[in-house]
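# Topology and contacts: notes
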Amino acid sequence: MRWTRSLIPTLRDDPADAEAISHKLMVRAGLVRQLAAGIYVYLPLGLRVLDRINRIIREEMNAIGGQEVTMPVLHPAELWQQSGRWDAIGGEMFRLKDRNGRDMCLGMTHEEVIAWIAAREIRSYRDLPQIWYQIQTKERDEARPRSGVLRTREFLMKDSYTLDPDVAALEISYNAHKEAYCRIFDRCGVSYVIVQSDPGMMGGAGAHEFMAPSAAGEDEVALCAACGYAANVELARGVPSGPALSDAKREEVATPGVRTIAEVSARLQIDPAATIKTLVFIGPDGPVLALVRGDHALHERKLARALKAESRPAHPDEVTRHLGVAPGSVGPVGVGGVRIIADESLREGRYVVGANREGVHLTGVTPGRDFDCEWADLQVALPGEGCPSCGKPLRIERVIEVGNIFKLGTKYSVALGATFLDERGQQQPIVMGSYGIGPARIAAAAVEQRHDPDGIVWPWAIAPFQVHLVPVAMKDAAQMAAADEIYRDLRAAGFEVLMDDREERAGVKFKDADLLGIPIRVTVGNALAKEGVVELRQRGTRTDRRVPRSEVVAAIREMAQTIS
Ligand code: ATP
Ligand code: MG
């Protein structure tokens, strides 16, 4: 492709609203433009990257027996009503009515449609197993679209679904996906960890996420270098340091003006771990007190799992209405008619808690004795806490979720009547699995993991072009003729080449080449006339090599072997 005939609108400055590096660089390199919050246009270079990723995904999905289909983006509400998700999903689903007033929605995912097809087309155990996949647009009204293409409201997803006769067969389909995903991320040049995850609204029997380490990620995972334990912090349970074995008497202490854990521990000269943080949430059945140790934080997903329902933090006026005191003074002792859930770490020890009176705290409180409660895992795992498998210290890392795999089980097949006749002629529900990958997140994760101060360093397999050809002096007929010839030869040899044929200073072209991050730059400059050589530069290592004009193709073939 010739630059002068292309749309590659590079920018010198970062977009004002961008924080994530991938967001800045993908906009500056002219890959994407934002149309509205969380809605992006992919310009030619951005689309080339997506296409390369999608090609790899297709190859690996086909290799495990996947069959490509395309399902609609527009769905009738009935399917989602049958699965129960019409009501279970809140504002994230785009809903609309057709001209006859029928409820419709835009597909966030396609389990319902898959189960609908299976209900009609699968009859017998002989029709199983099946793997169906698509690379299709998903629409989700994300609460916080941010970080460029990492979290958008419209995005491409590779979603695949497995249909099996039983759980043992699902295990095989699941593992085939797990391995295919490893090959996809390896080939795309993205480094990742595989972690256990919370199946959440998908329901089901087990799930893993593929997480690309990056500061721009919105997820955190707990990892143990000693035994390989790896879990999303939504699920991970670190073994906290021992409980606070205070021998304080059970008594009231005056704490005027004290509201936060930090203030309580400073005033009473105690470790924050010797206090209880009492948080008020509003669940479907009213207020809930959630208790974690003072040095811990509550994970809202863990609370949702314990409550088997979503809840939200209470507003200050709701706290006052239900508990008769402002948020900073709430405690679990003596409250009636309010559900109390305490983190497991509070089973032992004595603690300081709010006394439900302004300016007063209680010391020496023993959970389970001084107040009744349910026990659950509520806390966010902290770095350095013990690994739940082996006890060695956990590491917490920030990651981008690039893919996930779920053992769905029979939730959707039962709801939508997707059954088959087994070998004995008995009707059984199909056992399903569901597997997602975000191509845009792969692209952005690659940029997050592979860049330098001058721009992107694309992995070879997903770069928009492999060779960036820069003739330095456009007015020099010999240089241009050589550049044209190299362009032709490289393309004939199967390389994708971008030729920067703009009438720009060499410095401008080099800067843009660094920004775009195409793996190999070929510079045709003065050295051609003087010594008959051109310069090859590897973007990642910035190593230069001068090769005779006639050996360019061979040299690039050789370099290509070494770049990943
Ligand atoms: P998250 O927890 O980040 O919201 P999710 O669990 O909702 O992700 P899935 O519904 O399982 O994700 O989607 C499968 C894949 O699609 C994800 O692993 C991710 O790569 C991609 N994906 C999900 N939501 C978005 C989004 N809003 N923008 C871009 N890609 C997304
Ligand atoms: Mg989501």
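### Some thoughts on the overall build of the chain
Each helix and strand in the chain was counted, giving 15 helices and 31 strands. Here the C-alpha coordinates of the chain stretch approximately 90 × 70 × 50 Å along the principal axes. Of all 564 residues assigned to the chain, the portion counted as buried reaches 55%. Look at the contacts in the chain between residues 6 or more apart in sequence, and 68% of them connect residues 24 or more apart.

### Observations regarding the sheet that holds strand 28 (residues 497-499)
Strand order in this open sheet of 5 strands is 28-27-29-30-31, and the pairing throughout is mixed. Edge positions in the open sheet fall to strand 28 and strand 31 (544-548), since each of these has one partner strand only. Across the sheet, the mean angle separating the axes of adjacent strands is 25° when strand polarity is ignored. Pairing between strand 29 (residues 520-524) and strand 30 (residues 533-538): 4 bridges, direction antiparallel. Along strand 30, the bridge assignment pairs I520 with Q538.

### Description of the environment of P287
Its location among the elements puts P287 in strand 15 (residues 286-293). On the accessibility criterion, P287 (16% relative accessible area) is buried.

### Considerations on the layout of surface pockets
Taken as a whole, the second largest pocket holds about 350 Å³ of empty space. K277, T278, L279, P327 and G328 are the residues nearest the centre of the second largest pocket, which is lined by 23 residues in total. Here the element with the most residues in the lining of the second largest pocket is strand 14 (residues 276-283); it accounts for 6 residues. A class-by-class count of the residues in the lining of the second largest pocket yields 14 nonpolar, 7 polar and 2 charged.

### Some words on the nonpolar core
Among the nonpolar cores identified, the biggest contains 57 residues, and I184, F185, I442 and W458 are the most heavily contacted of them. Apart from residues no more than four positions distant in its own chain, F185 is found in contact with V190, Y192, F210, V402, G403, I437 and I442.

### Notes on helix 1 (residues 21-28)
Summarising burial for helix 1: 6 of the 8 residues are buried, a large majority. For helix 1, the complete set of buried residues consists of S22, H23, L25, M26, V27 and R28. Looking at the packing, one finds that the buried side of helix 1 touches strand 1 (32-36), strand 2 (39-42), helix 11 (439-449), strand 25 (451-452), strand 26 (455-456) and helix 13 (506-516). Trailing helix 1 by a residue or two, G30 shows a phi angle of about 75°, which is positive.

### Regarding the packing of helix 1 against helix 11
Direction vectors running N to C along helix 1 and helix 11 enclose 105°, while the axes themselves pass 8 Å from each other. What the angle tells us is that helix 1 and helix 11 run roughly perpendicular. Contacts between helix 1 and helix 11 pair I21, S22, L25 and M26 from the former with A443, A444, V447 and E448 from the latter. Across the contact of helix 1 with helix 11, the residue classes break down as 6 nonpolar, 1 polar and 1 charged.

### Some details on the site of ligand 1
The full set close to ligand 1 counts 16 residues, and R140, E142, R151, E401 and N404 are the nearest of them. Between ligand 1 and R151 there is a distance of 2.8 Å, counted from an oxygen atom to a side-chain nitrogen or oxygen. The separation between a nitrogen atom of ligand 1 and a polar main-chain atom of T152 is 2.8 Å. Isolated, ligand 1 exposes 590 Å² of accessible area, and the fraction of that covered by the protein chains is 86%.

### Focus: the packing of aromatic side chains
One pass over the structure, following the stated rule, counts 7 aromatic pairs. Geometrically, the ring pair formed by F185 and Y192 is tilted, given 5.7 Å between the ring centres and 50° between the ring planes. When the ring of W460 is compared with that of F495, the centres are 6.5 Å apart and the planes differ by 85°; the resulting orientation is edge-to-face. On the criterion of sequence distance, the pair formed by W460 in the loop between strand 26 and strand 27 (467-471) and F495 in the loop between helix 12 (477-492) and strand 28 is long-range, its members being 35 residues apart. We classify W460 as buried; its relative accessible area is 15%. Directly above the ring of F465 sits R48, whose terminal nitrogen or CZ lies 3.9 Å from the centroid.

### Brief notes about unusual backbone geometry
A cis amide bond, omega 0°, links L128 with the succeeding residue P129. Along the chain, P129 falls in the loop between helix 5 (111-121) and strand 7 (130-139). Notably, K308 is not glycine yet its phi reads approximately 55°, a positive angle. On the secondary structure map, K308 appears in the loop between helix 8 (300-307) and strand 16 (312-313).

### Observations concerning the environment of G65
By the secondary structure assignment, G65 is in the loop between helix 2 (44-63) and strand 3 (67-68). Of the residues examined, G65 reaches a relative accessible area of 40% and is grouped as partly exposed. Separated by 111 residues in the primary sequence, G65 and A176 have C-alpha atoms spaced 9.5 Å apart.

Cut-offs and rules
Residues numbered from 1 in each chain as written. Chains lettered and ligands numbered in written order. Predicted model: local features only at pLDDT ≥ 70, side-chain atom pairs only at ≥ 80, totals over all residues. Heavy atoms only, no water. Helix = DSSP H or I, 4+ residues; strand = E, 2+ residues; numbered from the N terminus. Buried < 20%, exposed > 50% of the residue type's maximum accessible area, 1.4 Å probe, protein only. Contact = heavy atoms within 4.5 Å. Pairing = 2+ DSSP bridges. Axes fitted to C-alpha atoms, helices over the stretch in contact; angles between N-to-C directions. 1 Å grid on protein atoms, 1.4 Å probe; cavity = no way out; pocket = protein on both sides within 12 Å on 5 of 7 lines; lining within 4 Å. Points joined across faces, edges and corners; volume = space filled by probe spheres on them. Nonpolar A, V, L, I, M, F, W, Y, C, P; charged D, E, K, R; others polar. Core = buried A, V, L, I, M, F, W, Y, C linked by side-chain atoms within 4.5 Å. Parallel < 35°, antiparallel > 145°, perpendicular 65-115°, else oblique. Near = heavy atom within 4 Å. Polar contact = N/O pair within 3.5 Å; in protein donor to acceptor, adjacent residues only side chain to side chain. Areas by Shrake-Rupley, 256 points an atom, 1.4 Å probe, with all protein chains shown as cover. Phe/Tyr/Trp six-rings, centres within 6.5 Å; stacked < 30°, edge-to-face > 60°. Lys NZ or Arg CZ within 6 Å of the ring centre and 35° of its normal.

As far as function goes, none of this settles anything; it's purely spatial.
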